[in-house]
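Listed below are the residues making up each chain.
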Amino acid sequence: MRALFDKLWDDHVILTRDDGAALLWVDRHYVHEGSHHGFRALAARGMTVAEPGLTVGVADHYVPTRGPVSDPDIARMVQTLQDNTATQGIRLFGLGHPGQGIVHVMGPEQGLTLPGMLVVCGDSHTATHGALGAYGFGIGATEVAHVLATQTIWQKKPARMRITFTGQAGSGVGAKDIALAWIARLGADGARGHAVEYAGDAVRALSVAGRLTLCNLSIEGGARTGMVAPDQVTFDWLRGRPFAPDDFDAACEQWAALASGPDAVFDREVTIDMADVAPIVTWGTSPEDALPITATIPDPARATDPAEAARIAQALDYMGLTAGRPLDSVAVDQVFIGSCTNARIEDLRAAAAVLAGRKARVPGMVSPGSALVKAQAEAEGLDRIFIDAGLEWVGAGCSMCVGMNGDLVAPGKRCASSTNRNFRGRQGPGARTHLMSPAMVAAAAVTGHLTDVRPLLEGRA
Amino acid sequence: MTGPTKGWTVHQGRAAALPIENIDTDQIIPARFMSAPRASGYGRFLLHDLRRDGDALRPDFPLNHTAAQGASILITRRNFGGGSSREAAVYALVDAGFRVVIAPSFGDIFAGNAVNNGLLPARVSEAQAEALLASCPATLTVDLDSLSIVGADSTPFALDPVWRQKLINGWDDIDLTASHGAAITAFAARRRRAAPWVWPVA
């Protein structure tokens, strides 16, 4: 029997060459400011977009979160997207649009991503959309031009991998911890070349927001794509979305049939027991450098391999950390809650549950994932909780996760961040990033150092 | 430039060693340079922050060594090009004169982007990568026909056959795909019947 990924693949194959390359139909192509190389390549050939109705524009990477754009380079990036989408007749969720937001937040939120779809975007976190039972993957600029021109893409079928999470998540443990747990176990390239299906009771128990977080981080473990089989949780979440199908029940029947059969075959299987998963933080410069908050900072002297010892030493040097010290003794300079990983309403609620009635000891910023999330949070009074705690409540966009809009962590500063990459310089030249869940970021804000959120949740939530 | 790439079969050039693992695309080109037009050249952004301490070039960084100047073959460690899908990382390498990157593993999206720009991502074993790193500075000959890297020794490398052909031919996918226009049109009609919800209603 076929796995979820086999069904999604088969449903999109136009033709397969003898050498194994398949031409796949693209149901949804999201473009953003960074897609300008692709539009330019299309224009250079004098071509137009093949299926503008299946293409969706969104301003996210460069949008300002605090008032109007002042940098002319940044303003030009946002304007170029507006011009390109207008010229090609593409629907745009631009700056100021009530549905604007980070592409991997607003797409599912609008119902523009649906189960069974093949979704591409010139952004590596496109596997996020797999949370709804779609086949989503990131592509480069040459491929963006190809999809714009033909609504298709050439791919070789990735191997199938299933990661099963058994048992239930403990208190204070969320989707971010589940994701960092498998990446720490398998490595930043552990799932390279694979399409990952997340399964098991702990995944079924996740809300759609949690599944979006889990699938979002697939690329940080090297996976080509990540997905969760659609179920009643998915359908209940999608019903009534602006672009949900008119004949919703008929569509749900189709989508329910996508789940992997009971004897579906996978090329690789990994099982992780949730009893082993605690709230996690990263200590180094790769998402694989992740440990439970109760652990100590790794010691290069204890590494068995000299190359590994050198890598740990270099990471600690960049991060300004001392081997052997407890992780929860590390003081932070600031916090950031936001990004396509963790800026949905559920994420903001989790952070607010920790911050309510408390003060942040360090400055920080909260950037909701979309304008709709922002409005919802304000309707629930979450903005007041963040502001009263001393944090800055700003607009929706990629913001400080990637720093393209000028929201940067200063050189040498340490940031507890709900984002997806602790790469050197990711949040700004010399910035030191620790990845963790939004609840853990809130806990770090309250104490001023990396902190186990669990005691702070006692008697709450 | 993006668009059609010229094919090649044999490349001979100087190899530079970059003995670091997990060099992600944020390292290869920091995000702040990506609003620059490609016509201005991306070579100057290559590994920009890793190469520098403040504004000054770090003399101890491998690519800043005299022996690495003019190199067109880069040898590095596992998981090169992981992370962001930014094709600008490939532009930076190509504009700096690189035609080949040799490593035990590559980020999937990076490797695909590389091939689309005529840059070969050649996979070798960890041990072979270490031996090649140790052999630098060296002049190497990389042959797509025999899938081998020849210096003092000959080292085989792995490459997806589809990518190999593409590098040799300099195929342009858009032209290739255009030849399947009828199949695409027929598929689109079937898809619209099978999954009408794919087409959003305004």
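Residues numbered from 1 in each chain as written. Chains lettered and ligands numbered in written order. Predicted model: local features only at pLDDT ≥ 70, side-chain atom pairs only at ≥ 80, totals over all residues. Heavy atoms only, no water.

Caption draft 1: Inspection of the overall build of chain B at higher detail. For chain B, the helix and strand inventory stands at seven helices and nine strands. When the backbone C-alpha atoms are referred to their principal axes, chain B occupies close to 60 × 40 × 30 Å. Here chain B holds 202 residues, and 57% of them are scored as buried. Counted over contacts in chain B with a minimum sequence separation of 6, partners at least 24 positions apart contribute 67%. As presented, chain B carries roughly 8100 Å² of accessible surface, and 54% of it is formed by carbon and sulfur atoms. One finds the centroid of the 19 positive side-chain charges in chain B at a distance of 7 Å from the centroid of its 19 negative side-chain charges. (Helix = DSSP H or I, 4+ residues; strand = E, 2+ residues; numbered from the N terminus. Buried < 20%, exposed > 50% of the residue type's maximum accessible area, 1.4 Å probe, protein only. Contact = heavy atoms within 4.5 Å. Areas by Shrake-Rupley, 256 points an atom, 1.4 Å probe, with all protein chains shown as cover. Lys, Arg positive; Asp, Glu negative; His and termini not counted. Charge placed at Lys NZ, Arg CZ, Asp CG, Glu CD.)

Caption draft 2: Structural detail: helix α11 (residues 306-319) of chain A. All names here are of chain A. Between its first and last C-alpha atoms α11 spans 20 Å; for 14 residues at 1.5 Å apiece the expected length is 20 Å, and the two agree. Within the span of α11, buried status applies to Ala 309, Arg 311, Ile 312, Ala 315, Leu 316, Tyr 318 and Met 319. Here the buried face of α11 lies against β18 (414-417) and β19 (432-435). Note on α11: the residue one or two positions beyond its end, Gly 320, has a positive phi of about 65°. (Expected span 1.5 Å × (residues − 1).)

Caption draft 3: Structural view of the side chain of Ser 417 of chain A. Residue and element names in this part refer to chain A. Its place among the elements puts Ser 417 in strand β18. Classification of Ser 417 as buried rests on a relative accessible area of 0%. There is a polar contact of 3.2 Å between the side chain of Ser 417 and the side chain of Gln 427. (Polar contact = N/O pair within 3.5 Å; in protein donor to acceptor, adjacent residues only side chain to side chain.)

Caption draft 4: Representation of the sheet that holds strand β8 (residues 148-150) of chain B within the structure. Residues and elements named next belong to chain B. Read from one edge of the open sheet, seven strands run β6-β5-β4-β1-β7-β8-β9, paired in mixed fashion. Looking at strand neighbours, the two that pair on one side only are β6 (120-123) and β9 (154-156), the edges of this open sheet. With direction set aside, neighbouring strand axes in the sheet form an average angle of 30°. By the bridge criterion, three bridges tie strand β7 (residues 138-143) to β8 in an arrangement that is antiparallel. (Pairing = 2+ DSSP bridges. Axes fitted to C-alpha atoms, helices over the stretch in contact; angles between N-to-C directions.)

Caption draft 5: Just the packing of helix α2 (residues 36-44) of chain A against helix α3 (residues 72-88) of chain A, in detail. Residue and element names in this part refer to chain A. Axis separation between α2 and α3 bottoms out at 10 Å; the angle between their running directions is 45°. Accordingly, the angle class assigned to the pair α2 and α3 is oblique. The element α2 and its partner α3 pack so that their crossing is left-handed. Here α2 contributes His 36, Phe 39 and Leu 42 to the contact with α3, which in turn contributes Met 77, Thr 80, Asn 84 and Gln 88. (Parallel < 35°, antiparallel > 145°, perpendicular 65-115°, else oblique. Left-handed = near helix turned anticlockwise from the far one by under 90°.)

Caption draft 6: Structural detail: the interface of chain B and chain A. Contact residues are listed per partner, giving 53 residues for chain B and 70 residues for chain A. Where chain B abuts chain A, roughly 5000 Å² becomes buried across the two surfaces, and 58% of that area is made up of carbon and sulfur atoms. Our count for the chain B to chain A interface comes out at seven salt bridges. Between Arg 78 of chain B and Asp 189 of chain A there is a salt bridge, with its nearest N and O atoms 2.6 Å apart. Taken together, the elements giving at least two residues each to the side of chain B that touches chain A come down to α1 (25-28), α3 (108-115), α5 (161-169), α6 (173-178) and α7 (181-194) of chain B. Residue contributions to the side of chain B that touches chain A peak at six residues, all from α7 of chain B. Its residues assigned to classes, the side of chain B that touches chain A comprises 24 nonpolar, 14 polar and 15 charged. (Buried area = accessible area lost by both parts, 1.4 Å probe. Salt bridge = Lys/Arg side-chain N within 4 Å of Asp/Glu carboxyl O. Nonpolar A, V, L, I, M, F, W, Y, C, P; charged D, E, K, R; others polar.)

So far we have only geometry, and geometry alone does not tell us how the molecule works.
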